[in-house]
Structures are given as structure tokens and as C-alpha cells.
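As a plain string of letters, each chain reads:
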Amino acid sequence: MMGIAAFMWEGRVGVESEVARLRRGDLDALSGLIARYQNRLYRYLLRMVRQPAEAEDLFQQTWVRLAEKIRHYDSNRSFEAWLFTLARNLAIDHLRRIRPESLDEPISSDSQGETAGARLASRERPPIERIFEQERAGRLAGALETLPVTYREVLTLRFEEEMKLEEIAQVLDAPLSTVKSRLRRSLDQLRDCLEMRYPGENWQ
Amino acid sequence: MSEHDEIRDLLSLAAAGALDSDEEERVGRHIRLCALCSSALDDWRLVAGGLRRLPTPQPSRGVVERARIMAEAKFSEDAEHRWNRGVMIFLIAFAWVLTLLSWPLVHLVSEGLQGLLDPRLNQAWIAFALLTTFGWLGGGMAAILLSSRHRRERRLA
């Protein structure tokens, strides 16, 4: 427990120092921040827009936006929440422009063929003893993709990015109570979706 | 709504670690006595665990490298803009001060110290200073408006 806390503290200090260096114009710090957040940021964007090509484009735009805005970043805020807010704003603008309906409506997986989540889960052939777990992950990822973007993002921020509720509230620019109710509704809808797609299996 | 139903509504948030301490205590107390809710919480934990362990997609090295190059270029471009803006502001201020100083300086050189104390000269100098101030302020406002318009257009493009 102490080890995890020390590791998190070191990580936080490391981020703060890299952000401070970047604000002073040290471009090496930018590489450090990209290396630190690349996978998480890309995963978040992919969960938001679902299409790898669009997620890659938004990933690049997010770092350009960061370079543009870093001087206005308030160091009292969580850097992580600020970075994900930049990414979210770009993703929402993109969805509003390209697929405005996707901001409200879940998409039927039947009309989409294999989903990106399922593709991600089945990219590699797993060892036999992990098939069950992989299959379950694929089903979860597939079900996650059918949820509306507002539900997908709150689930990915909480479970995959492991953000605190306060940080999620910052990213979504919403009160804590809204985050909690959205989290509950998204879990309920995820469960309903799983029960509908895989009847007979115990998803609660 | 019974206590059982209220707790049942909280179980998904309990598995997500999103309850406050009071709610957590209530849920903890209830599930010790209610096998149904205890089992439901286990199921929610299974879903939560599954979500936490979803495979992490990774961007390709090329995408990351392009993002780094684009961000660095933007960073350098903005730094250059800031430098240019600073130099321009300095030069404008310098030219303005030089303009204002040139009038009394010419009088000092041509008429000596007495020429400087002439009240007519002072009034004319104040009028001149005000005129140039308004001129520079007008120019500055136009520059700010044009620059913000340019920025807006660039963002929309």
C-alpha cells in the first residue's frame, strides 16, 4: 500500500515538473508527457469516437491544443483532468460535426458489423486458459460501444483511467451529483445491454 | 422505497468505488444481513473488474511521433509569435517616446533652457503628446481586433 502511494506521489511530482519545464519552453518535457499519457489518451479518444483513424487524428490535435494552451493551464488544477478536458472538447466538437446523432443515440451493433471493442479484444489469439476472460472482455467492450457517448466516457474515465469522481467532474464540467447519477445510469444500461445480448449469463 | 431497494440502487456505485463514507457504511451493514444484495454486489464487482481489465489499445509509433512533431512545431510557432509581439511592442513604445522627446529636445538645442520653459511650447507639446497617444491607441486597438479575428478564422479553418 505504501509502495503504491509512493509510486503515485512520484508520478504526480514527475508530471508537475514536466509541465513546469514545458511552460518554460523545454520541449523534452513534451516528449515525456506524451510518453506518459499516450496510451491512456488514445484509449479515451477511441472509446469516445470508436473509429481508430478518427481517434488518431484527435490524439494529434489534442497535443497541438496542449502546446497552444499550456501557458493558460492553472497549476492548481489536476493536469490529467485538464488534458482529458482538452481531448474531450475536441472529440465532442468532432462528433457534433461528423455524427451529431452519436451524441444522443446508442448505435445498434448489428448495423456496424464487428465493433472496435471486439476487434481489440480478439486481435491476438489468447492462450487457452485465458480464453474465457478474453471472451468476457470482448463482450464487455462490445457492449460498452453500444452505449451513448456520455455513458461510454464516464465509464472509461472511472474504470479504465481510474479517475476520482472529482476529476471526472472537472473533465465533464459537471457537478459531482451529475457524475454519480450518470455513472449509475451507464452501469445499469451496460448491464441491460449485456443481459439482452447474452441472455442466460449472469451479469447481475 | 424500502431500505433494501435503496441499497440495491447503490450497489453499482459501490462496485465503482463511487459512494461517500455514509453510503458505504449503509451498504456494508445491509449486505452483511442480505444475501441477495451481497450476491448482487459480487456480480457488479465482476462487471467493474471486467471494465478495469479491458485491453488497452495503443496508438502506433508513427501517430505518436507525428503528434510530437506537430505539437513541437505549434509550440515553437507560438513562442516565435510571442517574441515578435514583444519586439513590436518595444519598438512602438521606443518610437513613441522618441517622438515625444524630440520636440523639447529640438527646442533645448535651438533656444537653450529658456525655450523649454516657454508656456506656449508646453501647451503645444501636451497637445502633440495627446494626439500621438490617441493615434497609437487607435493603431493598437486595430491591431488587437485584426489579430483576434485572424485567430478566430484560423481556429474555424
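Our subject is the structure listed above.
Residues numbered from 1 in each chain as written. Chains lettered and ligands numbered in written order. Predicted model: local features only at pLDDT ≥ 70, side-chain atom pairs only at ≥ 80, totals over all residues. Heavy atoms only, no water.

Asks: What is the right way to read the packing of helix 1 (residues 3-15) of chain B against helix 2 (residues 21-33) of chain B from this model?
Replies: Geometry of a packed helix pair, given as the angle between the helix axes and the separation of the axes. Residues and elements named next belong to chain B. At a closest axis distance of 10 Å, the pairing of helix 1 and helix 2 adopts a crossing angle of 115 degrees. Note that helix 1 runs across helix 2; the crossing there is left-handed. Seen from helix 1, the contacting residues are Glu 3, His 4, Glu 6, Ile 7, Leu 10, Leu 11 and Ala 14; seen from helix 2, they are Glu 23, Arg 26, Val 27, His 30 and Ile 31. In the contact of helix 1 with helix 2, the residues fall into six nonpolar, two polar and four charged. (Axes fitted to C-alpha atoms, helices over the stretch in contact; angles between N-to-C directions. Helix = DSSP H or I, 4+ residues; strand = E, 2+ residues; numbered from the N terminus. Left-handed = near helix turned anticlockwise from the far one by under 90°. Contact = heavy atoms within 4.5 Å. Nonpolar A, V, L, I, M, F, W, Y, C, P; charged D, E, K, R; others polar.)

Asks: When you look at unusual backbone geometry in this model, what are you seeing that I'm missing?
Replies: Most peptide bonds take the trans configuration, and most residues that are not glycine carry a negative phi. Residue and element names in this part refer to chain A. You will see that Glu 162, though not glycine, has its phi angle at about 55 degrees, which is positive. By the element assignment, Glu 162 lies in the loop between helix 7 (149-160) and helix 8 (165-172). The exposed category is assigned to Glu 162, whose relative accessible area is 56%. Non-glycine residue Asp 173 carries a positive phi angle of around 55 degrees. (Buried < 20%, exposed > 50% of the residue type's maximum accessible area, 1.4 Å probe, protein only.)

Asks: Looking at this structure, I do not really get helix 2 of chain B. What am I missing?
Replies: The α-helix advances 3.6 residues per turn, and as a result positions three or four apart in sequence lie on the same side. Over its 13 residues, helix 2 of chain B runs 19 Å from end to end, which matches the ideal 18 Å to within 8%, given 1.5 Å per residue. For helix 2 of chain B, the elements touching its buried residues are helix 9 (176-197) of chain A together with helix 1 and helix 3 (35-52) of chain B. Residue Asp 20 of chain B occupies the N-cap position of helix 2 of chain B, its side-chain oxygen lying 3.2 Å from the main-chain nitrogen of Asp 22 of chain B. (Expected span 1.5 Å × (residues − 1). Polar contact = N/O pair within 3.5 Å; in protein donor to acceptor, adjacent residues only side chain to side chain.)

Asks: Is there a simple way to think about the interface of chain B and chain A in this case?
Replies: Often the size quoted for an interface is simply the accessible area lost on bringing the parts together. Contact residues are listed per partner, giving 41 residues for chain B and 45 residues for chain A. Regarding the contact of chain B and chain A, the summed buried area is about 4,000 Å², with carbon and sulfur atoms giving 68% of it. Counting every contact that joins chain B to chain A gives one salt bridge. For Lys 180 of chain A, the salt bridge is made with Glu 23 of chain B, and the minimal N-O distance between the two is 3.0 Å. Counting the contacts that link chain B with chain A gives seven residue pairs in polar contact (both at pLDDT 80 or more). Counting residues per element, the ones that place at least two in the side of chain B that touches chain A are helix 1, helix 3 and helix 4 (61-117) of chain B. Tallying contributions element by element places helix 4 of chain B first for the side of chain B that touches chain A, with 13 residues. (Buried area = accessible area lost by both parts, 1.4 Å probe. Salt bridge = Lys/Arg side-chain N within 4 Å of Asp/Glu carboxyl O.)

Asks: Before we go on, may I ask you to explain the pattern of salt bridges in this structure?
Replies: Once their charged atoms are close, side chains differing in charge can pair, the charge on each being opposite to the other. All names here are of chain A. In the structure shown here, the tally under the stated rule is 18 salt bridges over all chains. Among the salt bridges present, the one from Arg 36 reaches Glu 18, with a minimum N-O distance of 3.2 Å. Remark: Glu 18 occurs in helix 1 (residues 2-23) and Arg 36 occurs in helix 2 (residues 27-49); sequence separation between them is 18 residues. Among the salt bridges present, the one from Arg 40 reaches Glu 80, with a minimum N-O distance of 2.8 Å. Here the residue Arg 40 occupies a position in helix 2, and Glu 80 occupies one in helix 4 (residues 79-98), the gap between them amounting to 40 residues. The exposure class assigned to Glu 80 is buried, which follows from its relative accessible area of 17%. Residues joined by salt bridges that share partners form a network here, namely Arg 40, Arg 43, Glu 80 and Glu 161.

Asks: I keep staring at a positive patch on the surface and nothing clicks. Help me out?
Replies: The grouping of Arg 23 and Arg 71 of chain A together with Arg 85 and Arg 151 of chain B at the surface amounts to a positive patch. The residue Arg 151 of chain B is located in helix 5 (residues 119-156) in this model. (Patch = residues over 30% accessible without salt bridge, like charges linked within 9 Å, V, L, I, M, F, W, Y side chains within 5 Å. Areas by Shrake-Rupley, 256 points an atom, 1.4 Å probe, with all protein chains shown as cover. Lys, Arg positive; Asp, Glu negative; His and termini not counted. Charge placed at Lys NZ, Arg CZ, Asp CG, Glu CD.)

Asks: Quick question: what am I supposed to make of the nonpolar core here?
Replies: For soluble globular proteins, nonpolar side chains are generally found buried alongside one another. Trp 63, Phe 79, Leu 183 and Leu 190 of chain A together with Leu 51 of chain B are the most contacted members of the largest nonpolar core, which totals 82 residues. The leading source of residues in this core is helix 2 of chain A, at twelve residues. In this view, Trp 63 of chain A contacts Leu 30, Leu 33, Ile 34, Tyr 37, Leu 41 and Leu 83 of chain A together with Ala 67 and Ala 71 of chain B; residues no more than four positions away in its chain are not counted. (Core = buried A, V, L, I, M, F, W, Y, C linked by side-chain atoms within 4.5 Å.)

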